[in-house]
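# Topology and contacts: notes
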Amino acid sequence: TFSGSATDVEDGAITGSSLVWTLDNTTQIGTGTSFTKTDIAAGVHTVTLTATDSDSNETSAITLFTVLSVTF
C-alpha cells in the first residue's frame, strides 16, 4: 500500500488526480492519497509522488525501495 499527501498554501489539501504516483520514472501506477499495488517485479525501484496545484505548479517526492523475490 502506498500512501502520501500534499498541501498547498492557496489550495489546501491536494487530492485525487492531482496526486500522481509513478514507478521508475516511466509508469503511472496510481493517483490520490492512497492505493495498493501488488504486481511490482522483484528488484530495486523508485516511486515518485507528484503533486500539482490549481496553478499547475508541481513538486515531487521520491522513495527508493526493494521488492524481494520469495519462493515457497
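The shown structure was predicted, so the numbers you read here are calculated from the model rather than taken from an experiment. (Residues numbered from 1 in each chain as written. Predicted model: local features only at pLDDT ≥ 70, side-chain atom pairs only at ≥ 80, totals over all residues. Heavy atoms only, no water.)

What follows covers the nonpolar core. A general trend in soluble globular proteins is that nonpolar side chains are found buried together. Among the nonpolar cores identified, the biggest contains 12 residues, and these are Phe2, Ala6, Ile14, Leu19, Trp21, Leu23, Ile29, Phe35, Ile40, Val47, Leu49 and Ala51. Where this core is concerned, the elements lending two or more residues are strand E4 (19–23) and strand E7 (43–52). Not counting residues up to four positions away in its chain, the partners in contact with Ala6 are Gly12, Ala13, Ile14, Leu19 and Ala51. (Core = buried A, V, L, I, M, F, W, Y, C linked by side-chain atoms within 4.5 Å. Buried < 20%, exposed > 50% of the residue type's maximum accessible area, 1.4 Å probe, protein only. Helix = DSSP H or I, 4+ residues; strand = E, 2+ residues; numbered from the N terminus. Contact = heavy atoms within 4.5 Å.)

With that settled, the discussion passes to the pairing of strand E8 (residues 58–67). Bridge analysis of E7 against E8 gives 10 bridges, and the strand direction is antiparallel. Pairing of Gly43 across the sheet is with Val67, part of E8. Hairpin remark: E7 followed by E8, antiparallel, with 5 residues in the connecting loop; positive phi at Ser56, about 70 degrees. (Pairing = 2+ DSSP bridges.)

With respect to the element layout, Val44 can be found in strand E7. A residue is classified by how much of its surface remains accessible, and Val44, at 58% relative accessible area, is exposed. For the pair Val44 and Ala61, spaced 17 residues apart in the sequence, the C-alpha separation amounts to 17 Å. Once you skip the residues sitting within four places of it in the chain, Val44 turns out to touch Asp24, Leu64, Phe65 and Thr66.

Before going further, it helps to examine the packing of aromatic side chains. One pair of aromatic rings is described through two measures. These are the centre distance and the angle between the planes. With the rule as written, the count across this model stands at 4 aromatic pairs. Considering the side-chain rings of Phe2 and Trp21, the 5.9 Å spacing of their centres and the 55 degrees angle between planes classify their relative orientation as tilted. Note that Phe2 is positioned in strand E1 (residues 2–3) and Trp21 in strand E4, a separation of 19 residues in sequence. Like Phe2, the residue Trp21 is buried in the burial classification. Taking the centre distance of 5.2 Å and the plane angle of 15 degrees together, the rings of Phe2 and Phe35 count as stacked. (Phe/Tyr/Trp six-rings, centres within 6.5 Å; stacked < 30°, edge-to-face > 60°.)

The next subject is the environment of Phe2. Judged by its relative accessible area of 15%, Phe2 is buried. Not counting the four nearest positions on each side in its chain, Phe2 is found in contact with Trp21, Thr33, Ser34, Phe35, Lys37, Ile40, Val47 and Phe65.

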